[in-house]
Amino acid sequence: MIVNPSTTQRAAVFLLLCTAAPASLNAQEAPSPSEAADFRKLEPALKFLRSRNARDYAVTTPNGIDEASYVKIGGLDQWITIRGEDRKNPVLLLLHGGPGDATNPWGYAGFRNWLKYFTVVQWDQRGAGRTLGRNGPASASTITVERMVQDGVELADLLSKKLQKDKIVLVGHSWGSILGVFMVKARPELFYAFVGTGQVADPKQNYAVAYTALVEKATREGNSRALQELKEVGPPPYKDGNGHAVQRKWANLFEGADAFIASMLGFALTAPGYALADINDWGEGQNLSAEHLFPKTSALDPKLLGGEFAVRVFVIQGAEDFTTPTSLAKTYLNSLQAPRKAFATIDGAGHFAVFTKQDEFLKELRARVLPLIR
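Residues numbered from 1 in each chain as written. Predicted model: local features only at pLDDT ≥ 70, side-chain atom pairs only at ≥ 80, totals over all residues. Heavy atoms only, no water.

A. Region of interest: the sheet that holds strand β3 (residues 91–95). Pairing is mixed in the open sheet, where eight strands are placed in the order β1-β2-β4-β3-β5-β6-β7-β8. The sheet is open, and its two edges are formed by β1 (65–73) and β8 (341–346), each paired on a single side. Strand-to-strand, the axes of this sheet are offset by a mean angle of 20°, without reference to chain direction. Looking at chain direction, strand β6 (residues 191–197) and strand β7 (residues 312–318) are connected through four bridges and run parallel. By the bridge assignment for β7, G196 is matched with V315. Of the strands in this sheet, β7 and β8 are in contact with helix α13 (residues 326–335), which crosses β8 at around 165°. Contacting β3, β5 (168–173), β6, β7 and β8, helix α15 (residues 358–368) crosses the sheet at an angle of about 160° to β8. (Pairing = 2+ DSSP bridges. Helix = DSSP H or I, 4+ residues; strand = E, 2+ residues; numbered from the N terminus. Axes fitted to C-alpha atoms, helices over the stretch in contact; angles between N-to-C directions. Contact = heavy atoms within 4.5 Å.)

B. Inspection of the layout of surface pockets at higher detail. Looking at the largest pocket, its volume works out to about 310 Å³. Along the wall of the largest pocket there are 19 residues; nearest its centre are D66, T81, R83, Y108 and P272. Within the residue set of the lining of the largest pocket, elements represented by two or more residues are α3 (43–56), β1, β2 (76–84) and α4 (104–110). When the residues that make up the lining of the largest pocket are grouped by side-chain class, the tally is 10 nonpolar, five polar and four charged. (1 Å grid on protein atoms, 1.4 Å probe; cavity = no way out; pocket = protein on both sides within 12 Å on 5 of 7 lines; lining within 4 Å. Points joined across faces, edges and corners; volume = space filled by probe spheres on them. Nonpolar A, V, L, I, M, F, W, Y, C, P; charged D, E, K, R; others polar.)

C. The nonpolar core, seen in detail. Within the largest apolar cluster, 49 residues are counted, with the highest numbers of intra-cluster contacts made by W114, F361 and L365. In terms of residue count, helix α11 (residues 257–269) provides more of this core than any other element does, seven residues in total. Residues V71, I143, V181 and L305 belong to the second largest nonpolar core, which totals 48 residues. (Core = buried A, V, L, I, M, F, W, Y, C linked by side-chain atoms within 4.5 Å. Buried < 20%, exposed > 50% of the residue type's maximum accessible area, 1.4 Å probe, protein only.)

D. Representation of α11. Its 13 residues place the ends of α11 19 Å apart at the C-alpha level, agreeing with the 18 Å of an ideal helix rising 1.5 Å per residue. Every buried residue belonging to α11 is among A257, F260, I261, M264, L265, A268 and L269, and all of these are buried. (Expected span 1.5 Å × (residues − 1).)

E. Local environment of helix α10 (residues 241–255). The end-to-end C-alpha distance of α10 is 21 Å, a good match for the 21 Å that 15 residues give at a rise of 1.5 Å each. Residues of α10 that are buried include every one of G243, H244, V246, Q247, R248, W250, A251, N252, F254 and E255, and no others. By the N-cap criterion, in which a side-chain oxygen at the helix start approaches the backbone nitrogen of a residue two or three places on, α10 is capped by D240, the distance to N242 being 2.9 Å. Where α10 ends, the next residue or the one after it, G256, has phi of about 70°, a positive value. (Polar contact = N/O pair within 3.5 Å; in protein donor to acceptor, adjacent residues only side chain to side chain.)

Any functional reading would require information that these geometric values do not contain.
Shown next as structure tokens:
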């Protein structure tokens, strides 16, 4: 997702649950000894669920692939997973949002249905998830937009050679949509198509347009509490984080995103092969990545994201996205030039459409992207 104040709050929840890095929490935030002991009592249940998930989400087809490893990218060991039911299928590289909000901790379940049609690669980007855990917080000093683009291109090239594909499909969510745009512009010959979702179109106008959409939504629904809180903070720009926090609160509530965020944590805690330290790295990565990337992405010139593309470009957006507004994403796609382009919306979905409506999103991918390859 695009970074916002709730990202830091969510990371703090991870830290609290995992009872790790206590020095980073003040005395009021730190879990009590009894709370820590109670959480440790859950470990047998977590072990059972990890074992069950390993079985239920396994790839068992004869020509399938299920690999997880560190690969050297940009001088760092970076964590990737490669999963699919048939090695002959197209390769799809998913660029997570955040920044730093790696999908690997829970994506083994979230994208299981996709594996029939694509070999799905998930990547803990520089400063995120297990990549952060492997290299330590000092590696965060190397996080820049330019360095991330180089990492992504290097990974795409590596995947093409390793999996013996001429090109791959690139899907970018939120921050990942910024990264993806720059990757396909840098090396278009590596990609069949770019698919943006939660598409960042104009970072400078993003919150202002979202604010107006939230007020309109609250008015339509007669939600007096939402209207009061939104009007109290007023439209951006904001002097502090409170305005953004109010916007994110109501965006999540209107989109039904809170249930999804809770499920992410549940699947991460019960991920096969994962430990609590990995979940802590997942949360910590969001803090570090936000610190290094958000000042740059929030001030990004929208002209750099548009213009001319040498690959097909598709945007598949939740019909009501109050984080990266759907109206901005549609205007963005209409303004650019590409060999082929199309815009699609998914009803009943918001910023997390690719995750909360995976089957509908997959249907769009099969209809729009697979014909370009087969």
